[in-house]
Amino acid sequence: DAMVIQNPRYQVTQFGKPVTLSCSQTLNHNVMYWYQQKSSQAPKLLFHYYDKDFNNEADTPDNFQSRRPNTSFCFLDIRSPGLGDAAMYLCATSREPTRGTQYFGPGTRLLVL
Amino acid sequence: GESVGLHLPTLSVQEGDNSIINCAYSNSASDYFIWYKQESGKGPQFIIDIRSNMDKRQGQRVTVLLNKTVKHLSLQIAATQPGDSAVYFCATSNQGGKLIFGQGTELSVKP
């Protein structure tokens, strides 16, 4: 089945230690998104790639960066995780940015010690 | 600023009853509306969507109603089952494509 895959499902890191979360998709969608979701809150968009074009949200901290080496993969890099970065990180894809339904992966829960 | 809100943070229904989850949005330029279901520890799962040229759309056991006049969206679940227990998010977008999520309603189904 076509899907959005996130690895790992759970990630533990230390305060200040860089961490990378990964997302892959078999949907061949042009757009990939990264969201941060904290407990009992709505997902918050961090950034998205439309093909190779990177679009950062204005309030996304510089601590968060992303890479998309090809259509299928997208990475979220957190350079120096703080305690406030502990959250669920969701990857989503859509065919087009303006008309496409977004399909979400299962998420990676990040714990910062 | 643009916002999407839900009327109730929690909703409890008896198994077999119908559920109605409501959502209000503020941007009259919104032209795409979508409902997601999120179970604990999982990513949001697409349920149903509707575009602004429609006022009703039906899926399997779910119906979405759109009232553009009052900027109101609702999700109706027929014959609610324990497996429907989850947090439900509405989201809207305009031609800019960015989804604006509401805060979520937690649906609990009592057996």
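Here the structure is a predicted model, which is why all the values come from computation and not from measurement.

1. So, the overall build of chain A
Stage number 1. Secondary structure assignment for chain A yields 0 helices and 11 strands.
Stage number 2. Listing the helices and strands of chain A from first to last along the sequence gives β-β-β-β-β-β-β-β-β-β-β.
Stage number 3. Its C-alpha atoms give chain A a radius of gyration of 13 Å, within 12% of the compact-globule value 13 Å for 113 residues.
Stage number 4. Summarising its shape, the C-alpha atoms of chain A cover approximately 40 × 30 × 30 Å along the three principal directions.
Stage number 5. A separation threshold of at least 6 residues defines the contact pool for chain A, and within that pool the share at least 24 residues apart is 56%.
Stage number 6. About 5,700 Å² of surface is accessible on chain A, with carbon and sulfur atoms providing 49% of the total.
Stage number 7. With 11 positive and 9 negative side-chain charges, chain A shows a spacing of 5 Å between the two charge centroids.

2. A look at the interface of chain A and chain B
Stage number 1. Across the contact, 20 residues belong to chain A and 21 residues belong to chain B.
Stage number 2. Summed over the shared surface of chain A and chain B, the result is 1 salt bridge.
Stage number 3. In this structure, the salt-bridge partner of Glu-57 of chain A is Lys-98 of chain B, at a minimum N-O distance of 2.6 Å.
Stage number 4. The interface formed by chain A and chain B holds 7 residue pairs in polar contact (both at pLDDT 80 or more) in total.
Stage number 5. Elements supplying a minimum of two residues to the side of chain A that touches chain B: strand 4 (31-37), strand 9 (87-94) and strand 10 (103-104) of chain A.
Stage number 6. For the side of chain A that touches chain B, the class distribution of residues is 10 nonpolar, 7 polar and 3 charged.

3. Some thoughts on the confidence of the model for chain B
Stage number 1. Per-residue pLDDT for chain B averages 91, and the proportion of residues at 70 or more is 92%.
Stage number 2. Per-residue pLDDT, averaged within each element of chain B, yields its smallest value for strand 1 (residues 4-6) of chain B (60) and its largest for strand 7 (residues 62-67) of chain B (98).

Rules behind the numbers
- Residues numbered from 1 in each chain as written.
- Chains lettered and ligands numbered in written order.
- Predicted model: local features only at pLDDT ≥ 70, side-chain atom pairs only at ≥ 80, totals over all residues.
- Heavy atoms only, no water.
- Helix = DSSP H or I, 4+ residues; strand = E, 2+ residues; numbered from the N terminus.
- Rg over C-alpha atoms; globule rule 2.2 N^0.38 Å.
- Contact = heavy atoms within 4.5 Å.
- Areas by Shrake-Rupley, 256 points an atom, 1.4 Å probe, with all protein chains shown as cover.
- Lys, Arg positive; Asp, Glu negative; His and termini not counted.
- Charge placed at Lys NZ, Arg CZ, Asp CG, Glu CD.
- Salt bridge = Lys/Arg side-chain N within 4 Å of Asp/Glu carboxyl O.
- Polar contact = N/O pair within 3.5 Å; in protein donor to acceptor, adjacent residues only side chain to side chain.
- Nonpolar A, V, L, I, M, F, W, Y, C, P; charged D, E, K, R; others polar.
- pLDDT = per-residue confidence, 0-100.

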